[in-house]
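Survey of secondary and tertiary structure
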2 protein chains.
Amino acid sequence: MIAFSSVNFLLGPITLGLAVLMLIPCGVAWYTDSPDLIPFIKSDVLTAVFALVLMLSRRGKLSQLRVRDMFLLTTLSWLIVCGFGALPFVFSHTVAGFTNAVFESVSAATTTGATILTGLDELPKDILLWRSMMQWIGGIGIVALGAAVLPFLRIGGMRLFHTESSDLSDKALPHTRRILMRLLAIYVGLSVACCAAYMAVGMNFFDAVNHSMTTMSTGGFSTHDASFAYFDSTAIELVAVFFMLAASIPFMIYLPLLAGKAIHVFDDGQVRSMLGSYFIVTVLLTFWLVLTHQQGGGSAFRESMFNVVSIATTTGYVSTDYTAWGTFSIMTFFFLTYIGGCSGSTAGGIKIFRFKIAFVMLRENIQRLLHPNAVISRSVQGRVLSDEIVGSVMAFSLAFACSVGVIAMILAANGNDFMTSFSGAATAMANVGPGIGDSIGPVSNFAALSDGSKWILCFGMLLGRLEIFTLLVLLTPAFWRI
Amino acid sequence: MIAFSSVNFLLGPITLGLAVLMLIPCGVAWYTDSPDLIPFIKSDVLTAVFALVLMLSRRGKLSQLRVRDMFLLTTLSWLIVCGFGALPFVFSHTVAGFTNAVFESVSAATTTGATILTGLDELPKDILLWRSMMQWIGGIGIVALGAAVLPFLRIGGMRLFHTESSDLSDKALPHTRRILMRLLAIYVGLSVACCAAYMAVGMNFFDAVNHSMTTMSTGGFSTHDASFAYFDSTAIELVAVFFMLAASIPFMIYLPLLAGKAIHVFDDGQVRSMLGSYFIVTVLLTFWLVLTHQQGGGSAFRESMFNVVSIATTTGYVSTDYTAWGTFSIMTFFFLTYIGGCSGSTAGGIKIFRFKIAFVMLRENIQRLLHPNAVISRSVQGRVLSDEIVGSVMAFSLAFACSVGVIAMILAANGNDFMTSFSGAATAMANVGPGIGDSIGPVSNFAALSDGSKWILCFGMLLGRLEIFTLLVLLTPAFWRI
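Residues numbered from 1 in each chain as written. Chains lettered and ligands numbered in written order. Predicted model: local features only at pLDDT ≥ 70, side-chain atom pairs only at ≥ 80, totals over all residues. Heavy atoms only, no water.

A short note on the overall build of chain A
The helix and strand inventory of chain A stands at 19 helices and 2 strands. Radius of gyration (C-alpha) of chain A: 22 Å, near the 23 Å computed for a compact globule of 482 residues. The principal-axis extent of the C-alpha atoms belonging to chain A is close to 65 × 55 × 55 Å. Among the 482 residues that make up chain A, the fraction classed as buried is 61%. The long-range fraction of contacts in chain A, counting pairs at least 24 apart against all pairs at least 6 apart in sequence, stands at 70%. Total accessible area on chain A is roughly 17700 Å²; 68% of this is exposed by carbon and sulfur atoms. Averaging the coordinates of the 27 positive side-chain charges in chain A and doing the same for the 26 negative ones gives two points 16 Å apart. (Helix = DSSP H or I, 4+ residues; strand = E, 2+ residues; numbered from the N terminus. Rg over C-alpha atoms; globule rule 2.2 N^0.38 Å. Buried < 20%, exposed > 50% of the residue type's maximum accessible area, 1.4 Å probe, protein only. Contact = heavy atoms within 4.5 Å. Areas by Shrake-Rupley, 256 points an atom, 1.4 Å probe, with all protein chains shown as cover. Lys, Arg positive; Asp, Glu negative; His and termini not counted. Charge placed at Lys NZ, Arg CZ, Asp CG, Glu CD.)

Remarks on helix H1 (residues 4–31) of chain B
Residues and elements named next belong to chain B. For H1, with 28 residues, the first-to-last C-alpha span of 41 Å sits near the 40 Å given by 1.5 Å per residue. When H1 is considered as a whole, its buried residues turn out to be Ser6, Val7, Leu11, Gly12, Thr15, Leu18, Ala19, Met22, Pro25, Cys26 and Ala29. The inward-facing, buried residues of H1 contact helix H2 (37–56), helix H3 (67–92) and helix H5 (125–153). Count one or two residues on from H1 and you reach Asp33, which has phi positive near 55°. (Expected span 1.5 Å × (residues − 1).)

Details of the relation of the copies chain B and chain A
When chain B is fitted onto chain A, the two copies agree to an RMSD of 0.0 Å after a turn of 180° and an axial shift of 0.0 Å. One copy is carried onto the other by what is essentially a two-fold rotation axis. Comparing interface residues between copies, 100% of those in chain B also lie at the interface in chain A; the contact surface is shared. (Least-squares fit on C-alpha atoms with pLDDT ≥ 70 in both.)

Some points on the packing of aromatic side chains
All names here are of chain A. Within the structure shown, the criterion is met by 53 aromatic pairs over all chains. Note on Phe228 and Tyr317: the rings are 4.3 Å apart at their centroids and 40° apart in plane angle, and the pair reads as tilted. You can see Phe228 sitting in the loop between helix H8 (205–216) and helix H9 (234–247) and its partner Tyr317 sitting in the loop between helix H12 (297–312) and helix H13 (327–339), a full 89 residues away along the chain. We classify Tyr317 as buried; its relative accessible area is 0%. Here Phe334 and Tyr338 contribute two aromatic rings whose centre-to-centre distance is 5.5 Å and whose plane-to-plane angle is 80°, an arrangement assigned as edge-to-face. On the criterion of helical spacing, the pair formed by Phe334 and Tyr338 is a turn pair, its members being 4 residues apart in helix H13. By relative accessible area, which is 1% here, Phe334 ends up buried. Its guanidinium or amino end placed over the ring of Phe396, Arg354 lies 3.6 Å from that ring's centre, counting from NZ or CZ. (Phe/Tyr/Trp six-rings, centres within 6.5 Å; stacked < 30°, edge-to-face > 60°. Lys NZ or Arg CZ within 6 Å of the ring centre and 35° of its normal.)

Quick notes on the nonpolar core
In this structure, Tyr198, Phe422 and Phe469 of chain A together with Tyr198, Phe422 and Phe469 of chain B are the most contacted members of the largest nonpolar core, which totals 336 residues. For Tyr198 of chain B, the contacting residues outside a window of four places in its chain are Met203, Ala208, His211, Ser212, Thr215, Phe228, Ile236, Val239, Ala240 and Tyr317 of chain B. (Core = buried A, V, L, I, M, F, W, Y, C linked by side-chain atoms within 4.5 Å.)

Focus: the environment of Phe333 of chain B
Residues and elements named next belong to chain B. Within the element layout of this structure, Phe333 appears in helix H12 (residues 327–339). Judged by its relative accessible area of 2%, Phe333 is buried. The spacing of Phe333 and Ile436 is 103 residues in sequence and 8.4 Å in space, taken between C-alpha atoms.

Remarks on unusual backbone geometry
Positioned with a positive phi, Gln294 of chain A is a non-glycine residue whose angle comes to about 50°. Residue classification places Gln294 of chain A among the exposed residues on the basis of a relative accessible area of 66%. Of note, Glu467 of chain B is a non-glycine position whose phi angle comes to about 50°, a positive value. Residue placement: Glu467 of chain B occurs in the loop between helix H16 (451–465) and helix H17 (469–472). When its relative accessible area of 3% is taken as the criterion, Glu467 of chain B is described as buried.

Here we look at the interface of chain B and chain A
Counting from both sides, the interface comprises 55 residues of chain B and, opposite them, 55 residues of chain A. Taken over both partners, the interface formed by chain B and chain A buries close to 4900 Å², and the fraction arising from carbon and sulfur atoms is 82%. When the area that chain B buries against chain A is broken down by residue, the three leading residues are Leu369, Met394 and Phe418 of chain B, summing to 16%. Remark: the boundary between chain B and chain A carries 4 residue pairs in polar contact (both at pLDDT 80 or more). Taken together, the elements giving at least two residues each to the side of chain B that touches chain A come down to H3, helix H10 (269–293), H12, helix H13 (352–370), helix H14 (387–413), helix H15 (418–429), H17 and helix H18 (477–480) of chain B. Per element, the largest residue contribution to the side of chain B that touches chain A is 16 residues, and it comes from H14 of chain B. The residue makeup of the side of chain B that touches chain A, split by class, is 39 nonpolar, 10 polar and 6 charged. (Buried area = accessible area lost by both parts, 1.4 Å probe. Polar contact = N/O pair within 3.5 Å; in protein donor to acceptor, adjacent residues only side chain to side chain. Nonpolar A, V, L, I, M, F, W, Y, C, P; charged D, E, K, R; others polar.)

Concerning the side chain of Thr99 of chain B
By the secondary structure assignment, Thr99 of chain B is in helix H4 (residues 98–109). Not counting residues up to four positions away in its chain, the partners in contact with Thr99 of chain B are Asp451, Lys454 and Trp455 of chain B.

Describing the packing of helix H5 (residues 98–109) of chain A against helix H6 (residues 125–153) of chain A
All names here are of chain A. Close contact between H5 and H6 brings their axes to 7 Å; oriented N to C, the two are set at 45°. One finds that H5 runs oblique with respect to H6. Across the interface between the two elements, Glu104, Ser105, Ser107, Ala108 and Ala109 of H5 pack against Arg131, Met134, Gln135 and Gly138 of H6. Taken together, the residues of the contact of H5 with H6 break down into 3 nonpolar, 4 polar and 2 charged. (Axes fitted to C-alpha atoms, helices over the stretch in contact; angles between N-to-C directions. Parallel < 35°, antiparallel > 145°, perpendicular 65-115°, else oblique.)

Let's talk about the pattern of salt bridges
Inspection of the entire model under this criterion finds 12 salt bridges over all chains. A salt bridge links Asp232 of chain A to Arg302 of chain A; its shortest N-O distance comes to 3.2 Å. One end of the pair, Asp232 of chain A, is in the loop between H8 and H9; the other, Arg302 of chain A, is in helix H12, with 70 residues separating them in the sequence. Taking the relative accessible area as the measure of exposure, Asp232 of chain A reaches 57% and is therefore exposed. Since its relative accessible area comes to 23%, Arg302 of chain A is described here as partly exposed. Glu467 of chain B is the salt-bridge partner of Lys351 of chain B, the closest N and O atoms lying 2.4 Å from each other. (Salt bridge = Lys/Arg side-chain N within 4 Å of Asp/Glu carboxyl O.)

Describing the packing of helix H1 (residues 4–31) of chain A against helix H3 (residues 67–85) of chain A
Residues and elements named next belong to chain A. Look at H1 against H3: their axes get within 10 Å of each other, and the N-to-C directions meet at 30°. Accordingly, the angle class assigned to the pair H1 and H3 is roughly parallel. Helix-helix and strand crossings are classified by hand; for H1 and H3 the assignment is right-handed. Here Phe4, Val7, Leu10, Leu11, Ile14, Thr15, Leu18 and Met22 of H1 come into contact with H3, specifically with Asp69, Leu72, Leu73, Leu76, Ser77, Ile80, Val81, Phe84 and Gly85. Here the residues of the contact of H1 with H3 sort into 13 nonpolar, 3 polar and 1 charged. (Left-handed = near helix turned anticlockwise from the far one by under 90°.)

Brief notes about the environment of Lys351 of chain B
Position of Lys351 of chain B among the secondary structure elements: in the loop between H12 and H13. Among the polar contacts made by the side chain of Lys351 of chain B, one reaches the side chain of Glu467 of chain B at a distance of 2.4 Å.

Here's the deal with the environment of Leu398 of chain B
Its place among the elements puts Leu398 of chain B in helix H14. For Leu398 of chain B, a relative accessible area of 11% gives the class buried. Excluding its chain neighbours within four sequence positions, the residues that come into contact with Leu398 of chain B are Ala358, Phe359 and Leu362 of chain A.

Focus: helix H11 (residues 297–312) of chain B
Residues and elements named next belong to chain B. Counted at 1.5 Å a residue, the expected span for H11 with its 16 residues is 22 Å, and the 21 Å between its end C-alpha atoms agrees. Three or more residues of H11 are buried, namely Ala300, Ser304, Met305, Phe306, Asn307, Val308, Val309, Ser310, Ile311 and Ala312. Looking at the buried residues of H11, the elements they touch are helix H8 (234–247), H10 and H12. Following H11 by one or two positions, Thr314 has its phi on the positive side, about 65°.

Quick notes on the state of the cysteines
Counted under the stated rule, the structure contains 0 disulfides over all chains. Cysteine Cys402 of chain A remains unbridged, with the sulfur of Cys402 of chain B as its closest cysteine sulfur at 18 Å. (Disulfide = S-S within 2.5 Å.)

Some details on the side chain of Ser421 of chain A
Within the secondary structure, Ser421 of chain A sits in helix H16 (residues 418–429). A relative accessible area of 0% means that Ser421 of chain A is categorised as buried. From its side chain, Ser421 of chain A meets the backbone nitrogen of Ala412 of chain A in a polar contact 3.3 Å long. At 3.4 Å, the side chain of Ser421 of chain A and the backbone oxygen of Asn416 of chain A are in polar contact. Residues contacting Ser421 of chain A, with those up to four places away along its chain left out, are Ala408, Leu411, Ala412 and Asn416 of chain A together with Met331 of chain B.

What follows is the structure in structure tokens.
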């Protein structure tokens, strides 16, 4: 039996938290005399009422949550945030139509950053702020998920990061809660630092607040249609690159900071691999630009670095139309879509550690071909790689590939062209944001797609953000049995 | 130490075999008074001389071949067939330029079927025959490789099919040789049957001979520019479908036939999965055609079936331009490129058993998520799935994906568009033949590509045909050490 009563009860505080945070754009709407004040109040009241209903639905003693309940709880948390987060868009009429409102909301809460809005520069501040806040909320959600829930659920090889704090037994729960509070403190701290840094290099307060939230969540929503091309500032781009990277490394690494100790970011193999791979691609594209587009080395490096880091960390800011750099660049950015950041960060994608595990297996395989009888020990991140983890990663990769394939085929059946369908499916599943092609490319947006296409992309964004299996198991009959 | 002397010596008979087979088009050229007679004689003499040099290069006692020698022997075998097989194209001037000659030869020997030739209908019969024969030679080569060498080399999970006959120790060698001779007999028998069937449904003798060779090798070269659209005959297409499928199931299944016993094709799980997946895709495309192109159910099914089987079995015949069926069809055929047939057949691609293993891991993973403590036994094809095999399949999949990615990026850097680069890399690696897009699509060919693109595609075809690792290990420094 699923412990519905407990699941509902736990969803209450999450919904209430959303209602409380919604008071902020509400306040902004009031302060700026925005026509969105009433829509925001409506949304907030509905959210708060729903939260209370959930919390009052508790009957008798709460039962201990088991693994299955965690799947349901996690998925429902995101659905609630997506659903109630969409209300301001629905009520305010800023967003045309219900489908668009939901798309924008799902894209925000999953930190994808694909948008159906144009004319961002003219939008009311409250709506812009709410979009950014939704990404920020999604960001901390995913950090919590990666630290506590996913390793416990053994999803997609995340068992590799199973520690005491990801043991959700009664005994370990206070410890887990303590860790989560610390991660929240880190997240807030980094966001504030990011905001201050943006202001220091010339962003105005409102832009800095919004972009710090969408940077730290690797979400990628901007307050300008032109995204980072609007600022055209090397300093601002450097700050963005620094904090996008900071948001893509495991947040656990930051914990010693709270105790006033130094942290050793580069000691982590995942971080080194991530930075190394981003650097190689940046250099490759720089050479490409210099050799084929007669661009100066400095500006080529700047443009390559910003956009590579933005797409690979699954943020999705854009400083220039990199699809105009020729097919080589298009292909590079298409493959970059999949990479992602580190586990336990806000970044999406397939993630660096899975590639590391796959490459360990590849190396082991080649060694075994040459020395059939050799005993080969395998480890990643200083941990022995169990067969269970290898199997999980394989299952995850297959599920990821199949999901991208099926979504791409549905998008194609909906009348989208090859590149839009394929890169749309990839960018949704990896929670990146921009796709490739005329309609969903870096200088375009998702508004022109059909409603059907938008709904399937919403599903893809949720599937990708919840590491596929959290959502997938809910769709198996076995889950609901017993 | 690599046993160069033994490797050279064993390459001798293979080269000599090629020289002997080259006498057939030689004879045809003589009989038809073709201007290609001299070119064929030149090629044949050169090949024969090289064979003798190899066989005479033996010094002292032959040393026992070890695993490493097998990698070298296998790769060199294909290189020799590709190299000397290209000579008639070079000398005859039918094929414009050295690069084109090599491309056509590699495409033939790897049973890919991508061509740079147009005006096939007007070409001399000797050259057409040699192209088909090269595919046929490549076909039996891959059957032998799959039966004896690859399971022994433990490549890409082929260890799953390790039997007594794939044990290349001195003791088992006579047994292995016996098995290989029987497989050859089956291959010849099926080819003759295919030829007879083609003639029975209306093909002329020459077309039937050529197409039977390129059907049984799942190669896909035709004697007509229009491929199977030239015949426009349901009966001929049905024969082709039957024998393409027959060529894509494990040849070991046919062995009882030689002892006069019945065979049970559908008892094999791999065969069932293959037929099932092809059928599903065919039905899907049929519905698509009926619903969106107002086509009759019968003709839609016929067109879908023929082209799905042709692409999925990595043959590459074309009966109509399926890329004109809309993006959904393009996407479907793009993904079909990867699937391939069964292990131990002439088909290429990733192959059904690897997908089966991956899906077993996926199912196991989902079960483990729901029942963390359950003991789950895993098996495929009635064999327990060892962790070594799972690891090999994972390594293979990664190597395949990376190879397609890198080749696609090089093709893109060479100035090809996104779809040409991506589908070109896939169709080469999977040894299918036609790609997607204006320049390399089903109704087009590879002539227009740059020389650089053709060379990288040649590399891709060889890499794919040799199950990646056979060639890849030769590129590691560790292979040449000691």
